[in-house]
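If you want the building blocks of each chain, they are given just below.
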Amino acid sequence: MNKPVDFPVGHLSDPDDEVTNETRNASFMDVLDARLSRRSWLRGGVGTAATAVLGGVGASAFARGRGDDKDDDERGERHGKGKGRKDDGEIEKLGFSPVNKSIADTVSVPAGYTASVLIALGDPLDAQTPEYRNDGTDRDFDRRSGDHHDGMEFFGLSQDGRRPDSRSSERGLIAINHEATSHPRNWRPSIFIHPDGGDNGPLRPAAEVDKEIDIHGVAVMEVRKHGGAFSYVRQSPYNRRITPLTPVELSGPLRGHPLMVTQYDPQGIRTRGTINNCGTGITPWGTYLTGEENWGGYFTRGAGDDAARNDKSVTSLNRYGRRAGAASRHGWETAVSADAARQDGYDRWNIGKTGASEDGRDDYRNELNGMGYVVEIDPYDPDAVIKKRTGLGRFAHESAVFSLRKPGRPLAVYMGDDSQNEYMYKWVSEARWTPADATPRKRMAAGDKFLDKGRLYVAKYDADGTGRWIELSIGNPLIAGYALYAFADQTDVVVNARLAADAVGATKMDRPEWCAVNPANGEIYVTMTNNSNREIEPANAAQSRVDSANPRSYSDSFGGAPAGSPGNINGHIIRMAERRGEADATSFTWDVYLFGAEAGAEAGRINLSSLTDSQDFSSPDGLWFSPATGICWIQTDDGAYTDVTNCMMLAGIPGRVGDGVKKTLSYTLADGSALNVDTYVGKKPEPQTLARFLVGPVDCEITGCTETPDGKALFVNIQHPGEGTPLAAIGNPDGYVSQWPSNAGYGAGKRPRSATIVITKNDGGRIGS
């Protein structure tokens, strides 16, 4: 995610976290009076909880009078006989001793495990590029590992390296997102890749801008196992970088659409690169999916641009966070070059209407419409065209994960929109799956088949533990007649998916981030990282009231300071079960797998999952299921609990939707009356089903997770250690907030670096066993 928590505690909030969803979609409390009890003050005070054991019955059993169109199959066991059982290879109990919380500048893993650095920011990807000096003088970042390592996937290679091999655990490719770069507040340059922290302008030096652009994007690299240890293969022909300047094709409904016309391509079928790549996915046919997350902040438009446009595009730009006069994150648009092509690469970051054309072919007024998609890359084929799959909608994409495959049935792709009060989406393919689709002659052609034609849905979570998928279609009168934006056609719906979701009244969520599908039963897990704008009584349009799927609003202190503003400080993980387990179902049931909390927090309204000292966490972000062991890996990106512990990764053995309890949270309103909110909490974790596995160095985020097919090597990313280092300390390593990984013996210099680590078990066993 690469952003500090929104609460005024350990970190300042990021300006890219601006809430742009100010629609007043009805909350559960507005719609379902049965779930809202405004009464006189109840004896027992604020934060009491009523609990009812669900046993094996779905959470919706407590609302038999609600949603009569949803049958008993959906309310109880939603999958066929035998679904959800543990396979022989899956781990039923965790087999390691939990790692203690820590604020040390190191990576901690359980006893009996070894963690080593595989590759870090600046490491060369070919034999010609010099070793990384790590003093700010390095260049050629288009041939080096990028910054802020994030989501990643492993792709097996045959022993001779000539073809894909999904069973290979000795040799493979890893595709890695390079999301962003570290820079202090109110300082545009990337602090660690320039000798003195960079030149803040007003005109940014072109040489600095070039480096900063190139450290974003995606890397593909080969890895091999030698003598029981993994290393990356520097001279591999598979190694490459995809940067924000790499040519990319638009695919799906927006290809060639007038909204995609730019000075770079007046035909509207191509754009340049990909940026702010966060979560990932791996397709059933063996390609890499990367999500463009908080991309809006890289662009700017002038204070007078609303008047220059004078059309509905202003509504779209505001909804996607680019208001007139808003400064860009790094000021790349201010760089100047005598080379016309290079200058055009800087100009594209100014998305104002500066030209005289009617369609935008003489400026970059439409450039933002080319960002915010799921991008498909074939890691095995450097010559394959990279494609943005526009049908999956435009928003702040985190990851993109597939439903379980069933012959003759469509595929679903699940996606979260990573911003406060945004939505949960899914794509359902028009094409039906066949086993032959797993091994196509041309992998990107399979992507054309399943990712270019289909239907886009948004989620509505109901207070009885059920939910609905609402299709985002121009045929829906709520969209066609939306008062705040006049949709022209279905392509307009796709490029403005947020506005379409507003129109149909989707449920505002607490920052939906990574999605993961449980391979044992097909249930969908989604991290809700946190939300400073979740309130009991919203004071403005940017705030949302607590509801069943986002039921907590509370205050916390940091480092002994007074408690800050209330909100969902520690986040939670929602899970969903599709009706009858079908990818194209239009209804589902849901509960909350885990609520993040401090172990000592109030059980009645904060620590609802009864987390212990070896399990407590805050701000879940990364999420990934191991196909080999069935472990659910949970990673944090936190600023609320970092006075006690650095960010971490936990291992969980999940149950299933409906295996826990219903709890009722009672809040006191300003008028003294009570607001009761029902929610559905998964089975209480035991020490053998949830435990802390890793704690990272200071000021980092733990993100990205993949493994070899045998489950014996786990790859994890350590993002932005030392991110909070002040500019004044750049010449004094003793002032760095972190010196990892150099303090672990890796690489030159002492400047902190994002890196990928590989974890193995000393006895050669599977990770987590």
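Our subject is the structure that appears above.
Residues numbered from 1 in each chain as written. Predicted model: local features only at pLDDT ≥ 70, side-chain atom pairs only at ≥ 80, totals over all residues. Heavy atoms only, no water.

**Q** Would you take a moment to explain the overall build of the protein chain for this structure?
**A** Within the protein chain, the regular secondary structure consists of 10 helices and 35 strands. Relative to its full complement of 769 residues, the protein chain shows a buried share of 64%. Nonlocal contacts in the protein chain, meaning residues at least 24 apart in sequence, comprise 68% of its contacts between residues at least 6 apart. Of the roughly 25700 Å² that the protein chain leaves accessible, carbon and sulfur atoms contribute 49%. (Helix = DSSP H or I, 4+ residues; strand = E, 2+ residues; numbered from the N terminus. Buried < 20%, exposed > 50% of the residue type's maximum accessible area, 1.4 Å probe, protein only. Contact = heavy atoms within 4.5 Å. Areas by Shrake-Rupley, 256 points an atom, 1.4 Å probe, with all protein chains shown as cover.)

**Q** Could you clarify how one ought to interpret the pairing of strand E12 (residues 374-377) in this entry?
**A** Looking along a regular strand, one sees side chains alternate from face to face of the sheet. Residues Val374 and Glu376 line one face of E12 and the alternating positions Val375 and Ile377 line the opposite face, and both faces are buried. Note: strand E11 (residues 288-292) against E12, 4 bridges, orientation antiparallel. Its bridge partner being in E12, Leu289 is matched across the sheet by Glu376. Pairing between E12 and strand E13 (residues 387-389): 3 bridges, direction antiparallel. When the bridges of E13 are listed, Val375 appears paired with Lys388. (Pairing = 2+ DSSP bridges.)

**Q** Can you walk me through the sheet that holds strand E33 (residues 701-707) in this structure?
**A** Backbone-to-backbone hydrogen bonds pair the strands of a sheet. The strands run either parallel or antiparallel. Across the sheet, 4 strands lie side by side as E2-E35-E34-E33; this open sheet has antiparallel pairing. Strands at the two margins of the open sheet, each flanked by one partner only, are strand E2 (113-120) and E33. Averaged over all neighbouring strand pairs, the angle between strand axes comes to 25 degrees, with direction disregarded. Sheet analysis places E2 next to strand E35 (residues 755-761), joined by 7 bridges and oriented antiparallel. In the strand pairing of E35, Ala120 is matched with Ala755. (Axes fitted to C-alpha atoms, helices over the stretch in contact; angles between N-to-C directions.)

**Q** Just checking my understanding: could you explain the side chain of Glu292 for this structure?
**A** Relative to the helices and strands, Glu292 resides in strand E11. Judged by relative accessible area, which is 0%, Glu292 ranks as buried. There is a polar contact of 2.8 Å between the side chain of Glu292 and the side chain of Thr274. Polar contacts involving the side chain of Glu292 include one to the side chain of Lys388, which spans 2.8 Å. (Polar contact = N/O pair within 3.5 Å; in protein donor to acceptor, adjacent residues only side chain to side chain.)

**Q** How should the pattern of salt bridges be read in this particular structure?
**A** When the charged atoms of two side chains lie near each other, side chains of opposite charge can form a pair. Per the stated rule, a full pass over the model turns up 49 salt bridges. The partner of Asp763 in a salt bridge is Lys761, with the nearest N and O atoms 4.0 Å apart. Among the residues examined, Asp763 registers a relative accessible area of 59% and is labelled exposed. (Salt bridge = Lys/Arg side-chain N within 4 Å of Asp/Glu carboxyl O.)

**Q** Quick question: what am I supposed to make of the sheet that holds strand E29 (residues 648-652) here?
**A** Across the sheet, which stays open at both edges, the 4 strands sit in the order E27-E28-E29-E32 with antiparallel pairing between neighbours. Across the chains shown, the open sheet's two edge strands, defined by having one partner strand only, are strand E27 (620-625) and strand E32 (690-695). Going from strand to strand, the sheet's axes swing by 25 degrees on average, the running direction of each strand aside. Looking at chain direction, strand E28 (residues 632-636) and E29 are connected through 4 bridges and run antiparallel.

**Q** Please clarify how the environment of Trp332 should be interpreted in this entry.
**A** Looking at the secondary structure, you find Trp332 in the loop between helix H5 (313-319) and helix H6 (340-347). C-alpha separation for the pair Trp332 and Ile213, spaced 119 residues apart in sequence, amounts to 8.3 Å. At 2.9 Å, the side chain of Trp332 and the side chain of Glu212 are in polar contact.

**Q** Even after reading the chapter, I still don't get the state of the cysteines, so can you show me in this structure?
**A** Note on terminology: disulfide describes a covalent bond linking the sulfur atoms of two cysteines. The full count for this structure, using the stated rule, is 0 disulfides. Between Cys632, a free cysteine, and Cys705, which holds the nearest cysteine sulfur, the sulfur-to-sulfur gap is 9.7 Å. Classification of Cys705 as buried rests on a relative accessible area of 2%. (Disulfide = S-S within 2.5 Å.)

**Q** Where do I start with the environment of Ser403 in this structure?
**A** Topologically, Ser403 is positioned in the loop between strand E14 (401-402) and strand E15 (410-416). Given a relative accessible area of 9%, Ser403 falls into the buried group. C-alpha separation for the pair Ser403 and Gly581, spaced 178 residues apart in sequence, amounts to 9.2 Å. Leaving out residues up to four positions away in the same chain, Ser403 has contacts with Leu411, Ala412, Tyr414 and Ala583.

**Q** Whenever I open this one, the pairing of E15 confuses me. Can you help?
**A** Within E15, 7 of the 7 residues are buried, which leaves it mostly tucked inside the rest of the structure. Burial along E15 is two-sided: the face carrying Pro410, Ala412, Tyr414 and Gly416 and the face carrying Leu411, Val413 and Met415 are both buried. Of the strand pairs in this sheet, E15 and strand E17 (residues 424-432) are connected by 6 bridges, and their pairing is antiparallel. Its bridge partner lying in E17, Ala412 is registered against Val428.

**Q** When you look at unusual backbone geometry in this model, what are you seeing that I'm missing?
**A** If a residue is not glycine, its phi is most likely negative; likewise, a peptide bond is most likely trans. Put simply, Gly201 and Pro202 share a cis peptide bond, and its omega is 20 degrees. The topology assignment puts Pro202 in the loop between strand E4 (171-178) and helix H3 (206-214). Residue Pro741 is reached from Trp740 by a cis peptide bond, and omega for that bond is 10 degrees. With respect to the secondary-structure elements, Pro741 resides in the loop between strand E34 (713-719) and E35. Unlike most non-glycine residues, Ser619 shows phi in positive territory, near 60 degrees.

**Q** I keep staring at the nonpolar core and nothing clicks. Help me out?
**A** Considering soluble globular proteins, one finds that nonpolar side chains tend to be buried as a cluster. Counting residues in hydrophobic clusters, the biggest one holds 51 residues, and the most contacted among them are Met415, Tyr425, Val458 and Leu472. Residue assignment for this core shows that the elements contributing at least two residues are H3, E15, E17, helix H7 (443-451), strand E18 (454-461) and helix H10 (497-503). The dominant element in this core, judged by the number of residues it contributes, is H10, at 5 residues. If we ignore the near neighbours within four places in the chain, the residues touching Leu472 are Tyr425, Leu456, Tyr457, Val458, Ile479, Gln490, Val493, Ala497, Ala500, Ala501 and Val504. Membership of the second largest hydrophobic core comes to 33 residues, among which are Tyr414, Phe588, Phe595 and Leu669. (Core = buried A, V, L, I, M, F, W, Y, C linked by side-chain atoms within 4.5 Å.)

**Q** Just checking my understanding: could you explain the side chain of Asn607 for this structure?
**A** Looking at the secondary structure, you find Asn607 in the loop between strand E26 (587-595) and E27. In this structure the side chain of Asn607 is engaged in a polar contact, spanning 2.9 Å, whose partner is the backbone nitrogen of Leu611. If sequence neighbours within four positions are ignored, Asn607 has contacts with Ala597, Glu598, Ala599, Ala601 and Glu602.

**Q** Would you mind showing me how to read the packing of aromatic side chains here?
**A** Two aromatic rings, taken as a pair, are described by how far apart their centres are and by the angle between their planes. Applying the stated criterion across every chain yields a total of 26 aromatic pairs. Measuring from ring centre to ring centre gives 5.1 Å for Phe96 and Phe693, while their planes differ by 85 degrees; the resulting arrangement is edge-to-face. Here Phe96 is found in the loop between helix H2 (72-75) and E2, whereas its partner Phe693 is found in strand E32, with 597 residues between them in sequence. Each member of the pair Phe96 and Phe693 is classed as buried. Aromatic side chains Phe192 and Tyr736 sit 6.2 Å apart centroid to centroid with 80 degrees between the ring planes, which places their arrangement in the edge-to-face category. Linking Phe192 in the loop between E4 and H3 with Tyr736 in the loop between E34 and E35, this pair joins segments that are 544 residues apart in sequence. The pair Phe192 / Tyr736 is uniform in exposure class, with both members buried. Aromatic ring contacts, followed pair by pair, group Tyr414, Tyr461, Trp469, Phe588, Trp590 and Tyr680 into a single cluster. The ring of Tyr298 has Arg329 lying over it, and the distance from NZ or CZ to the ring centre is 4.3 Å. Over the ring of Tyr457 we find Lys426; its NZ or CZ atom is 5.8 Å from the centre of that ring. (Phe/Tyr/Trp six-rings, centres within 6.5 Å; stacked < 30°, edge-to-face > 60°. Lys NZ or Arg CZ within 6 Å of the ring centre and 35° of its normal.)

As far as function goes, none of this settles anything; it's purely spatial.
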